[in-house]
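As a plain string of letters, each chain reads:
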Amino acid sequence: MTTLTNDDKIAIINQHKRNIEYAKYGYQVSLIAENAVSNPNEETIDSLNQQISDVDSKIAALDAEIASLS
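Chemist: How would you summarise the overall build of the protein chain if you had to cite specific residues and measurements?
Modeler: In terms of helices and strands, the protein chain carries 2 helices and 0 strands. Against the 2.2 N^0.38 benchmark of 11 Å for 70 residues, the protein chain shows a C-alpha radius of gyration of 16 Å, more extended than a compact globule. Along the first, second and third principal axes, the C-alpha set of the protein chain runs to 55 × 15 × 15 Å. Scored against the burial criterion, the 70 residues of the protein chain give a buried share of 20%. Considering only intrachain contacts with a sequence separation of at least 6, the fraction spanning at least 24 residues in the protein chain is 69%.

Here it is in structure tokens:
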């Protein structure tokens with residue numbers, strides 16, 4: 001059985017962070033597009049802002065995990 005080293009774990013976390021950052025950028029692009037229409041949907045804007053906030057929380061949690069492994 002192979003045991004993951006801390007470097008292996010950090011690499012996995014960094015890849016996961018990258019995927020989350022892609023999602024965050026997608027939310028930001030959606031927010032730009034929603035704000036570009038003549039009547040932006042406030043519920044959509046609120047939802048996108050909440051998703052961006054949630055992503056920031058996830059990234060912070062993963063950064064803390066990396067710090068604990070370093």
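Next, the rest of the story.
Chemist: Tell me what's going on with the pattern of salt bridges, and back it up with residues and numbers.
Modeler: Enumeration over the complete set of coordinates arrives at 2 salt bridges. The partner of K17 in a salt bridge is D63, with the nearest N and O atoms 2.4 Å apart. One end of the pair, K17, is in helix α1 (residues 6–36); the other, D63, is in helix α2 (residues 42–69), and 46 residues separate them in sequence. In this structure, D56 engages K24 in a salt bridge whose closest nitrogen and oxygen atoms are separated by 2.6 Å. In this pair, D56 sits in helix α2 while K24 sits in helix α1, placing the two residues 32 residues apart along the sequence.

Chemist: Tell me what's going on with the nonpolar core, and back it up with residues and numbers.
Modeler: If you look at the biggest cluster of nonpolar residues, it comprises 8 residues: I10, I13, I20, V55, I59, L62, I66 and L69. For this core, the secondary structure elements donating two or more residues are α1 and α2. The element best represented in this core is α2, accounting for 5 residues. In this structure, I10 is in contact with I66, L69 and S70, ignoring residues within four places of it in sequence.

Reading the values: rules and limits
Residues numbered from 1 in each chain as written. Predicted model: local features only at pLDDT ≥ 70, side-chain atom pairs only at ≥ 80, totals over all residues. Heavy atoms only, no water. Helix = DSSP H or I, 4+ residues; strand = E, 2+ residues; numbered from the N terminus. Rg over C-alpha atoms; globule rule 2.2 N^0.38 Å. Buried < 20%, exposed > 50% of the residue type's maximum accessible area, 1.4 Å probe, protein only. Contact = heavy atoms within 4.5 Å. Salt bridge = Lys/Arg side-chain N within 4 Å of Asp/Glu carboxyl O. Core = buried A, V, L, I, M, F, W, Y, C linked by side-chain atoms within 4.5 Å.

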